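Examination of the molecular architecture
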Amino acid sequence: MHRVRQSACPLLLMLFAVLAGCSHGGEGRLKVIKRPLFNEERLALTNDYCRLHYGNEGHLLEKPQMIVVHYTAFLSLAESERFFTPAVLSREDIRSGGAVNVSAHFMVDLNGTIYRLAPDNVVCRHTIGFNHLALGIENVGEGESALTEAQLEADAALIADLVSRHPSIGYLLGHHEYQDKALPHYALRRELDGRYRPTVKIDPGERFMTRLRNLLKERYGMMLKR
């Protein structure tokens, strides 16, 4: 059973702060459609998750240091949204890590449309060991071969925008890279629950990330560490 705290007023204040976070900071000239996932229940579950795994009181992600790129493993935007929308997790393989459902800050559709699912200043559950400092981008698609040129272009524009608004960001990862201890990002890993085990990931794939990094370098002059 998941647990939601009874003190509604503090949680409502948190929710108002989250919703306010959606409107300030902006995306500049980047077109982003808001499809917020977070409600009072999800915030309460996120607070529990952050306390268990990171020792943090609350759900705030104040200075993101990393962006992690994913694909949803679903064919369509509608299927992807149905999976991410519930506040409570349905996956059995990571249920021991907490009840809050997986999510990300952004989802990019096959046609390149960018949807904001959560404000930048809220922790989303998308990368074990790094959620306390990582922004997540989900691309709709069942696998790497399904990802489109429009998504590649949109991801690059979104990452450039995020880095311009958050100078603290210094790392860009594909989800498949997050466990690589030889990469410099791994020094930032934090996991306080010794029972929680990382899972093997293949998204979004090496080819997609190579093309994304090349596009960021050529078009935006941007080279982020791994």
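That block above? That's the structure.
Please read all numbers here as calculations on a predicted model, not as lab measurements.

What counts and what doesn't
- Residues numbered from 1 in each chain as written.
- Predicted model: local features only at pLDDT ≥ 70, side-chain atom pairs only at ≥ 80, totals over all residues.
- Heavy atoms only, no water.
- Helix = DSSP H or I, 4+ residues; strand = E, 2+ residues; numbered from the N terminus.
- Buried < 20%, exposed > 50% of the residue type's maximum accessible area, 1.4 Å probe, protein only.
- Contact = heavy atoms within 4.5 Å.
- Areas by Shrake-Rupley, 256 points an atom, 1.4 Å probe, with all protein chains shown as cover.
- Arc of directions from axis to C-beta.
- Disulfide = S-S within 2.5 Å.
- Lys, Arg positive; Asp, Glu negative; His and termini not counted.
- Salt bridge = Lys/Arg side-chain N within 4 Å of Asp/Glu carboxyl O.
- Polar contact = N/O pair within 3.5 Å; in protein donor to acceptor, adjacent residues only side chain to side chain.
- Pairing = 2+ DSSP bridges.
- Axes fitted to C-alpha atoms, helices over the stretch in contact; angles between N-to-C directions.
- Phe/Tyr/Trp six-rings, centres within 6.5 Å; stacked < 30°, edge-to-face > 60°.
- Lys NZ or Arg CZ within 6 Å of the ring centre and 35° of its normal.

**Overview of the overall build of the chain**
The helix and strand inventory of the chain stands at five helices and six strands. Counting the 226 residues in the chain, one finds 52% classified as buried. Here the analysis covers contacts within the chain between residues at least 6 apart in sequence; of these, 76% occur between residues at least 24 apart. When the accessible surface of the chain is summed, it comes to about 10,500 Å², and 55% of that surface belongs to carbon and sulfur atoms.

**Section: unusual backbone geometry**
Geometrically, the link from Asp203 to Pro204 is a cis peptide bond, its omega value of -5° lying close to zero. Residue placement: Pro204 occurs in the loop between β6 (171–174) and α5 (206–220). Backbone geometry places Ala73, a non-glycine residue, at a positive phi of 70°.

**Quick notes on helix α3 (residues 77–84)**
Among all positions in α3, only Leu77, Ser80 and Phe84 are buried. Looking straight down α3, one finds its buried side chains confined to an arc of 65°; they lie on one side.

**Details of the state of the cysteines**
Evaluation of the coordinates by the stated rule reveals zero disulfides. In this structure Cys50 is a free cysteine whose sulfur lies 9.8 Å from that of Cys124, the closest cysteine sulfur available. Using a relative accessible area of 0% as the deciding quantity, one classes Cys124 as buried.

**As for the side chain of Glu191**
Mapping Glu191 onto the fold places it in the loop between β6 and α5. Buried Glu191, no salt bridge; nearest opposite-charge side chain is Arg189, N-O distance 5.4 Å. Only 2.7 Å separates the side chain of Glu191 from the side chain of His53, close enough to count as a polar contact. Within polar-contact distance, the side chain of Glu191 engages the backbone nitrogen of Asp193 at 2.9 Å. Filtering out sequence-adjacent residues up to four positions away, Glu191 remains in contact with His53, Ile128, Gly129 and Tyr196.

**Points about the side chain of Arg213**
For Arg213, the position within the fold is in helix α5. You can call Arg213 buried: its relative accessible area is 17%. Leaving out residues up to four positions away in the same chain, Arg213 has contacts with Leu172, Leu173, Gly174, Glu177, Met222 and Arg226.

**Quick look at the pattern of salt bridges**
Using the criterion set out here, one finds 14 salt bridges in the structure. Of the charged contacts, one joins Glu81 and Arg35 as a salt bridge, the two residues approaching to 2.4 Å between their closest N and O atoms. Of this pair, Glu81 sits in helix α3 while Arg35 sits in the loop between β1 (32–34) and α2 (40–54); the two residues are 46 residues apart in sequence, bridging distant segments of the chain. When salt bridges that share partners are traced, they join Arg116, Asp120, Asp161 and Arg165 into one network.

**What about the sheet that holds strand β3 (residues 106–108)?**
With respect to topology, six strands assemble into an open sheet ordered β1-β4-β3-β5-β2-β6, the strand pairing being mixed. This sheet does not close on itself; its edge strands, each paired only once, are β1 and β6. On average, adjacent strands in this sheet sit at an angle of 25° to one another, irrespective of strand direction. Strand direction decides the pairing type here: β1 and strand β4 (residues 114–116), joined by three bridges, are parallel.

**Some thoughts on the pairing of β6**
Of the two faces of β6, the one lined by Tyr171 and Leu173 and the one lined by Leu172 and Gly174 are each fully buried. In this structure, strand β2 (residues 66–71) lies alongside β6, joined through four bridges in parallel fashion. Each residue of the ladder has a partner; that of Met66, found in β6, is Tyr171.

**Focus: the packing of aromatic side chains**
Summed over all chains, the structure comprises four aromatic pairs. Ring centres of Phe83 and Phe84 lie 5.5 Å apart, and the angle between their planes is 75°; this geometry places the pair in the edge-to-face category. With relative accessibility at 3%, the residue Phe84 sits in the buried group. Taking 6.4 Å as the distance between ring centres and 65° as the angle between the ring planes, the aromatic pair formed by Phe130 and Tyr186 counts as edge-to-face. Here Phe130 is found in the loop between β4 and β5 (134–139), whereas its partner Tyr186 is found in the loop between β6 and α5, with 56 residues between them in sequence. Using a relative accessible area of 0% as the deciding quantity, one classes Phe130 as buried. Aromatic rings pair up to connect Phe74, Phe83 and Phe84 into one cluster. The ring of Phe38 has Arg42 sitting right over it, with the charged end atom 5.4 Å from the ring centre.

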